[in-house]
Amino acid sequence: MPAPRDDHSALVRPFDLGSRSGVSVVVKDCIDIAGEVTASGSAALRDRAPAERHAQVVQDLLESGAHLTGKAKMHELAYGMTGINAAFGTPINPRWPDRIPGGSSSGSAVAVAAGLCDVAIGTDTGGSVRQPAICCGIYGMKPTFGRISRAGCHPAESSLDCVGVFARSAAMLTRAMAAADPSFSPEPLTSAPRIVRIKADNLEPKVGESLIYGLMEGLPDAGYVTLPGMAEAFDAAMTLIGAETHAACHALLDDPRLGADIRARLAAAGTITEDAVAKAEEVRARFTAEVDDALSRADILITPALPTIPPTLAEADDPARVLDLTRFLRPFNLSGHPAIALPVTGDLPLGLQIIGRKGEDAQLCAVAEWMADTCPLFRKEELS
């Protein structure tokens, strides 16, 4: 691994746990580590009792021989996409320090991009691994829903959230999955996959067709598929994350230490009705069927990772510049399909997302490795 930067803006604090000969790992602050306070990036939770036991994913990492080296900062309560955190400090994006690190797994992404660790663990409820991965120019994976245990993760109940992994290369991403999930076994890619692009409109030119055509040069291209329910799935996922976050965290509205941005979003989420949740679940069923149908005729679906260039820190207080960032990411939290964000080399944070069939996470990782090896435009393991 390249020598790490002298930059600990990513970490709540460093520590030393497990085998020093293993893969070095940083863990997001909403995941329990025995003896550590799980503050979930919130000053309102700083004085809670330390966790009594490791989260299952932490235990699995240690049993795989990993070396846990720090607890990573995050967007407060995992309820935001910028990574900006006034109470704990905002992790500095190593490659683009004027731009957001992304959220909510901001510190996990920054730690990997800055070379503080080999891999990092985050959580992804609506793009919270894949979006900061692209913001920081690294690889990020949201596995199939339920693939990696959420026991000991916060909030405890979620129908969208997945424990996910970050790395600086596609090959290391596969190693990260094997360390975090005892059931994961890497699989070889025996033939070129059938790749279908998801039709997308209203994109900035740099993230649209010119990007996809450039990256897919030399790769098999099976054309387009339309997923009519994408926009509706995005809205439904927003409804469900709001309702579920309010159910888990509404008691913190009375705590003056809660961040103002989170307080406003959490209070607004309290107005979500049971009828709205029921309708969102109906959308989930329809959209999941759409994705399954598309994947019955293709091995991999592909989209731009983000529809726009991530905003600068100065621009990030404008919701219009932030909310749309997960347009292509959040729908696959609703459907539960595994997805990987692959970063592109260049002067701006750009990338692609690939989506695979449920349960075929190892094949998706193999495709990511193949694509990274085949196309020179994908970022390789390096420090900027």
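Note: the structure precedes this text.
As the structure is a prediction and not an experimental result, all values here were calculated from the model. (Residues numbered from 1 in each chain as written. Predicted model: local features only at pLDDT ≥ 70, side-chain atom pairs only at ≥ 80, totals over all residues. Heavy atoms only, no water.)

1. Topic: the sheet that holds strand β3 (residues 67–72)
Part 1: Spatially, eleven strands are ordered β1-β3-β2-β4-β6-β5-β10-β11-β9-β7-β8 in an open sheet, and the strand pairing comes out mixed. Either end of the sheet is taken by a strand with one partner, and the two such strands are β1 (11–18) and β8 (224–225).
Part 2: Across three bridges, the pairing between strand β5 (residues 139–142) and strand β6 (residues 162–167) is antiparallel. Directly across from Tyr-139, in β6, lies its bridge partner Ala-167.
Part 3: Taken strand by strand, helix α2 (residues 106–113) contacts β1, β2 (24–28), β3, β4 (119–124) and β6, and its axis lies near 155° from that of β4. (Pairing = 2+ DSSP bridges. Helix = DSSP H or I, 4+ residues; strand = E, 2+ residues; numbered from the N terminus. Contact = heavy atoms within 4.5 Å. Axes fitted to C-alpha atoms, helices over the stretch in contact; angles between N-to-C directions.)

2. Remarks on helix α7 (residues 260–269)
Part 1: Those residues of α7 that sit buried are Ile-262, Leu-266 and Ala-269. Angularly, the buried residues of α7 cover 55° about the axis, an arc narrow enough to put them on a single face.
Part 2: On the buried face of α7, the contacting elements are α6 (230–249). (Buried < 20%, exposed > 50% of the residue type's maximum accessible area, 1.4 Å probe, protein only. Arc of directions from axis to C-beta.)

3. So, the pattern of salt bridges
Part 1: One pass over the full model with this rule turns up 18 salt bridges.
Part 2: Across the pair Asp-161 and Arg-150 runs a salt bridge whose closest N-O atoms are separated by 2.8 Å. Placement of Asp-161 in the loop between β5 and β6 and of Arg-150 in the loop between β5 and β6 is noted, with a sequence separation of eleven residues between them.
Part 3: On the basis of relative accessible area, Asp-161 is assigned to the buried category, the value being 3%.
Part 4: For Arg-150, a relative accessible area of 14% corresponds to the buried category. (Salt bridge = Lys/Arg side-chain N within 4 Å of Asp/Glu carboxyl O.)

4. Describing the packing of α6 against α7
The angle between the axes and the distance between the axes are what describe a pair of packed helices.
Part 1: The N-to-C vectors of α6 and α7 enclose an angle of 105°; their axes lie 8 Å apart at closest approach. The orientation of α6 relative to α7 falls into the category roughly perpendicular. Between α6, through Met-238, Gly-242, Thr-245, His-246 and Cys-249, and α7, the contact on the second element is made entirely by Arg-265, Leu-266 and Ala-269.
Part 2: Partitioning the contact of α6 with α7 into residue classes produces four nonpolar, three polar and one charged. (Parallel < 35°, antiparallel > 145°, perpendicular 65-115°, else oblique. Nonpolar A, V, L, I, M, F, W, Y, C, P; charged D, E, K, R; others polar.)

5. Some remarks on helix α4 (residues 170–180)
Along an α-helix, a turn takes 3.6 residues, which lines up residues three or four apart on a common side.
Part 1: Across the eleven residues of α4, eight count as buried, placing the element largely inside the fold.
Part 2: Listed in full, the buried residues belonging to α4 are Ala-170, Met-172, Leu-173, Thr-174, Ala-176, Met-177, Ala-179 and Ala-180.
Part 3: Against the buried residues of α4 lie α1 (56–63), β4, β5, β6, β10 (339–344) and α11 (361–374).

6. A short note on the packing of α4 against α11
Part 1: Across the interface, α4 lies against α11 with an axial gap of 8 Å and an inter-helix angle of 165°. As the angle between them shows, α4 and α11 are arranged roughly antiparallel. Relative to α11, the crossing made by α4 is left-handed. Contact residues: Ala-170, Ala-171, Thr-174 and Met-177 in α4; Cys-365, Ala-368, Glu-369 and Ala-372 in α11. (Left-handed = near helix turned anticlockwise from the far one by under 90°.)

7. Section: unusual backbone geometry
Part 1: Here the bond from Gly-103 into Ser-104 is cis, since omega is 5°, no more than 30 degrees from zero.
Part 2: Topologically, Ser-104 is positioned in the loop between β3 and α2.
Part 3: Here the bond from His-154 into Pro-155 is cis, since omega is -5°, no more than 30 degrees from zero.
Part 4: For Ser-40, which is not a glycine, the phi torsion comes out positive at approximately 50°.
Part 5: With respect to the helices and strands, the residue Ser-40 is situated in the loop between β2 and α1.
Part 6: Since its relative accessible area comes to 5%, Ser-40 is described here as buried.

8. Focus on the packing of aromatic side chains
Part 1: A complete count under the given rule lists one aromatic pair for this structure.
Part 2: Arranged with centres 5.8 Å apart and planes meeting at 55°, the rings of Phe-287 and Phe-332 form a pair that is tilted. Note that Phe-287 is positioned in helix α8 (residues 274–295) and Phe-332 in helix α10 (residues 331–335), a separation of 45 residues in sequence. Each member of the pair Phe-287 and Phe-332 is classed as buried. (Phe/Tyr/Trp six-rings, centres within 6.5 Å; stacked < 30°, edge-to-face > 60°.)

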